[in-house]
Amino acid sequence: MNKIAIPNMGNYSIAFAAIADAMGATPWISPTTPEIVKLGYEVSPDSLCLPFKIFIGHFIKAAEEGVEYAVMVNGNGPCRLTYYRQLLQKILDERGLKMHIFGLGDTGIKPPIIKHYDPPFFKFWRGALWALQKMFLIDEIEKLAWKTRPREIKKGETSTVTNQCLLELEAAKTGIEISILKSKIFERFTAININTDKKVLKVALVGEASVLRDKYLNHSMEELLGGLGVEVVNYFLLGVELKNIFFPHLSGKHSKKHMLEIAKPYLQTKVGGHALDSIAHSIICGEDSYDGVIHLCPSGCMPEISIRPILRKVSSDYDLPVLECSFDEHTSHVGLVTRLEAYIDMLYDRRKKNGKEHNT
Amino acid sequence: MNLKKINVYNQNNSYKEYDLAQKMTIKKVGIPKSLYYFFYPDLWKTFFETLEIEVILSESTSRKTIELASSVAESENCLPIKLFDAHILELIDKVDVLFVPRIISTIKKHCSCPKLSVLPDVARILAPGKVITFEINENKIKLISSLQKFAQELGFSNSIAKKAANRAVNATKKHTEEKEQSKKTEASFFIVSHPYNLYDDYITGPVIKKLKKMNISYEIIEFKKEKRKKDAIRWDTCGEMNDNLFQLDPEKCKGVIQISSFNCGCDSVMLETSRSVLKEKSIPFIVLIIDEHSALAGVDTRLEAFIDSVRWKNEQNCNS
């Protein structure tokens, strides 16, 4: 058995699967389902955050299906993520499930996961390169989808095209196939009939990574907002994030150093997690005259909750409406939709009142 | 990127700028009686008094503070952070400046709760242009040197700054030593929590009162802020709490009472660790979770039940 469980990271799961493939392992990936959520919150301590409960849910499900290895990110900041791998391992051991969790990051040049699988050098790096290619392509697809969805004439067409592209990307095995797909994608999105005159709102999503990315956890917020005629910008792009870690001088506007500079009048420390990013991106949105910002975080998330008062100040200074959404396993879909609709209605009214012309 | 000229409170956003304009006008400094006040007992008061700045403390936490806190503070924060906001609001009109340090780490190679690292930024929103701050980061620089630097930045000469820093650090040391000497020898119950819960009378008070009423000897754990041996715990206060639990003697200690504030991020992870440590030693353990709605009667009942069950356990052990 050479299967490895990978927690759901939305569309990026495709890229992770590719990299597991390159290592010679078979990836085990499942979309988050109510069953997984239930498995998760039954075994985890009550006040831990939602991503933990989802992670453990995925791992238990995988272990029950006979998967023996799993992989997740290691944290090293003041965020709770630092302890999650040990805690997850402990819970799995206590339940008598044989599963070893590998941590990524902070473990030297050759992390244990690579030592374990020991893939051939050339094959691994070629595979990793393809995975990276896939990841950047996913970013591209998403960006196109954000732009097209609010303007589409036939509802749901964008989502169909997006899903089709992602499926094909998942099936693509070599660099050439990925490149061919890349050339097709733009055409496919331009083929969608859109209403070019429609004035759409522009709203940014900022906050915690796994809630921003897992479509089950955020109740497909991008699609919901797109349906309401809102152009969404999701500020967690893995491509940007990786650049930030490995090539900070290349990431320009999104580097931690630059973000500290932007956020300086409000926040003068990195806090931990993606808290600094939330503030900096909200300020950028304020300057670029976005219509609004939605702040998503798991309920009780330490870094994101601690910056909320600051986010409110940013909101009032830049005249930028911020909607704060906390998610836990009990968040109701209907409640969320109602809140979003009310928020979007308010944004439309504001635009009418201000007579603000929006450059899209 | 050009920052738009809007009503961003750029003018007074740090002590440096405050200092340039009104260097010698700091006569009264306000210190909220929460969080870092309990982290370093006596330190801040001695420090500012040596610099000949009058220190005004906020009043101890009371029902009124809690009511104010729950109406102004971010609702998902834990109780101590909410109380901090209320203490700040109470002080604002009485003082020239408010002192709010940025706590990154209080022990080397450890870090503090992320909520403590944004305190000055949050306080600045409540009291624009009135906050003086410096960074406590033992990973980079020792507390005594950073205090000295802070005093210099406030406009005091090198020698005065040094004197103030030394005196302040000694005062805390003295405080801890005195407490250790006055310790009762035979305590059977231990109260464990973060310093800002533990030394706040409003939070621990009901527990202590109840224990006294039941004639039970108790001990409150101490925070030494000394170098710890390396282990998996990277949060400073949690590490020390854990060390204290490790040192407990199962024969003398009859039970441990942990006070935890609702939605405390650190505790949500660490309670599991505490529980497993005490399980190994077979010491009974209760967690009292408090928030702004905590009812005293609830605490009373739970404590009574816990202590009764510990007594029964001991009697059974004696009989068998």
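Residues numbered from 1 in each chain as written. Chains lettered and ligands numbered in written order. Predicted model: local features only at pLDDT ≥ 70, side-chain atom pairs only at ≥ 80, totals over all residues.

**Quick word on helix α4 (residues 63-72) of chain B**
Residue and element names in this part refer to chain B. Taken as a whole, α4 has its buried residues at T65, I66 and A69. The buried residues of α4 occupy one face: seen down the axis, they fall within an arc of 95°. Away from its buried face by more than 90 degrees, α4 exposes R63, K64, E67 and S71. Where the residues of α4 are buried, they touch α5 (79-91). (Buried ≥ 20, exposed ≤ 12 C-beta atoms within 10 Å, placed from the backbone. Helix = DSSP H or I, 4+ residues; strand = E, 2+ residues; numbered from the N terminus. Arc of directions from axis to C-beta. Contact = placed C-beta atoms within 7 Å.)

**Topic: the sheet that holds strand β3 (residues 69-73) of chain A**
Residues and elements named next belong to chain A. Reading across the sheet, the four strands line up as β2-β1-β3-β4 and stay open at both edges, with parallel pairing between neighbours. The open sheet has two free edges, formed respectively by β2 (26-28) and β4 (100-104), since each of these has just one partner strand. Strand-to-strand twist of the sheet, defined as the mean angle between neighbouring strand axes without regard to direction, takes the value 35°. In the sheet, strand β1 (residues 3-5) pairs with β3 via two bridges, with the strands oriented parallel. Residue pairing for β3: A5 is matched across the bridge by A70. (Pairing = 2+ DSSP bridges. Axes fitted to C-alpha atoms, helices over the stretch in contact; angles between N-to-C directions.)

**Quick word on the domain arrangement of chain B**
All names here are of chain B. In terms of domain boundaries, chain B breaks down into domain 1 (15-179) and domain 2 (183-319). Taking only C-alpha atoms, the centre of domain 1 and the centre of domain 2 are 28 Å apart. At the junction of the two partners, domain 1 supplies 25 residues and domain 2 supplies 25 residues. The set of elements that each furnish at least two residues to the side of domain 1 that touches domain 2 consists of α2 (36-39), α4, α5 and α9 (158-181). Of the residues belonging to the side of domain 1 that touches domain 2, the class tally is eleven nonpolar, ten polar and four charged. (Domains from an automatic or database assignment. Nonpolar A, V, L, I, M, F, W, Y, C, P; charged D, E, K, R; others polar.)

**Notes on the environment of I289(B)**
All names here are of chain B. With respect to the helices, strands and loops of the structure, I289 is situated in strand β10 (residues 285-290). Residue I289 is classed as partly exposed on the basis of its C-beta count, with 19 C-beta atoms lying within 10 Å. Those residues in contact with I289 that lie beyond four places of it in its chain are S260 and F262.

**A short note on the sheet that holds strand β5 (residues 201-207) of chain A**
All names here are of chain A. A sheet is described by the order of its strands in space; here four strands give the open sequence β6-β5-β7-β8, paired in parallel fashion. With partners counted over all chains shown, the strands left at the sheet margins are β6 (230-234) and β8 (322-327), one partner each. Going from strand to strand, the sheet's axes swing by 25° on average, the running direction of each strand aside. Note that strand β7 (residues 292-298) and β8 share six bridges and pair parallel. Across the sheet, C297 pairs through a bridge with S326, a residue of β8.

**What to know about the domain arrangement of chain A**
Residue and element names in this part refer to chain A. Entries for chain A in the domain assignment read domain 1 (3-119) and domain 2 (200-360). One C-alpha centre belongs to domain 1, the other to domain 2, and the line joining them spans 26 Å. Residue assignment for the side of domain 1 that touches domain 2 shows that the elements contributing at least two residues are α2 (34-43) and α3 (50-64).

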